[in-house]
Amino acid sequence: DVALLVKCSSDKGGRPLVKTGVQLVNEVNSLPIIEADTHKCTQVFFNLVTNACKFTTEGRITLTGVADPEKQWVEVSVTDTGQGIARGSLERIFQPFEQENNSAIRGHQGIGLGLS
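Cut-offs applied
Residues numbered from 1 in each chain as written. Predicted model: local features only at pLDDT ≥ 70, side-chain atom pairs only at ≥ 80, totals over all residues. Heavy atoms only, no water. Helix = DSSP H or I, 4+ residues; strand = E, 2+ residues; numbered from the N terminus. Buried < 20%, exposed > 50% of the residue type's maximum accessible area, 1.4 Å probe, protein only. Contact = heavy atoms within 4.5 Å. Pairing = 2+ DSSP bridges. Right-handed = clockwise from strand over helix to strand, strands pointing away. Salt bridge = Lys/Arg side-chain N within 4 Å of Asp/Glu carboxyl O. Patch = residues over 30% accessible without salt bridge, like charges linked within 9 Å, V, L, I, M, F, W, Y side chains within 5 Å. Areas by Shrake-Rupley, 256 points an atom, 1.4 Å probe, with all protein chains shown as cover. Axes fitted to C-alpha atoms, helices over the stretch in contact; angles between N-to-C directions.

### Structural notes on the environment of C53
Working step 1: When you line up the elements, C53 lands in helix α2 (residues 38-55).
Working step 2: Judged by its relative accessible area of 2%, C53 is buried.
Working step 3: Considered as a pair, C53 and L24 are 29 residues apart in the sequence and their alpha carbons are 8.7 Å apart.
Working step 4: Look past the residues within four positions of C53 in its chain and what remains in contact with it is V6, L17, V18, K19 and I61.

Here's what the structure looks like:
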């Protein structure tokens, strides 16, 4: 359960990932078992949720999931009330070592591999 893992996690400074005033809600109900790399799927979900935690200072982070009735695909979504990503950065941030804000004054650590 990625939501439980994140709720119990802290950043490098020992601060909880989920900030005070932010509610982390897991609305993923029963989904079918899929054939996939467990480690990689967990890493992707963890990266998406921790990115939401970094940039959401108040409000809500919600995890949802839906499956195709014919069991051909599964979709898991992470939505939040954070600052969002500028439309012009949407394609670039999924490339290795890219971040929306690459400036030296950005407020968050990381090397830009979380979404690639």
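### Quick word on the pairing of strand β2 (residues 59-67)
Working step 1: Relative to β2, strand β1 (residues 22-26) runs parallel, the two sharing five bridges. Bridged to L24 within β2 is I61.
Working step 2: In this region the chain leaves β1, passes through α2 and returns to the parallel neighbour β2; the handedness of that crossover is left-handed.
Working step 3: In terms of strand pairing, β2 meets strand β3 (residues 74-80) through seven bridges, oriented antiparallel. Across the sheet, A67 pairs through a bridge with V74, a residue of β3.
Working step 4: Linking β2 to β3, which pair antiparallel, is a turn of six residues; within it K71 sits at a positive phi near 55 degrees.

### Overview of the pattern of salt bridges
Working step 1: Taken as a whole and judged by the stated rule, the model has one salt bridge.
Working step 2: When the shortest N-O distance is used, the salt bridge between E27 and R60 registers 2.8 Å. Placement of the pair is E27 in the loop between β1 and α2 and R60 in strand β2, with a sequence separation of 33 residues.
Working step 3: In this structure R60 comes out as partly exposed when scored by relative accessible area, which is 32%.

### Points about a nonpolar patch on the surface
Working step 1: A cluster of nonpolar residues, V44, F45, L48 and V76, forms a patch on the protein surface that exposes about 270 Å² of accessible area.
Working step 2: Sorting elements by how many residues they give to the nonpolar patch places α2 first, with three residues.
Working step 3: Structurally, F45 can be placed in helix α2.
Working step 4: A relative accessible area of 30% places F45 in the partly exposed class.

### Here we look at the sheet that holds β2
Working step 1: Spatial ordering of the open sheet is given by β1-β2-β3, a layout of three strands whose pairing is mixed. With one partner strand each, in any of the chains shown, β1 and β3 form the two edges of the open sheet. On average, adjacent strands in this sheet sit at an angle of 10 degrees to one another, irrespective of strand direction.
Working step 2: On the sheet, α2 packs against β1, β2 and β3 and is oriented at approximately 15 degrees with respect to β3.

Note that every value here comes from positions in space, so none of it alone points to a role or purpose.
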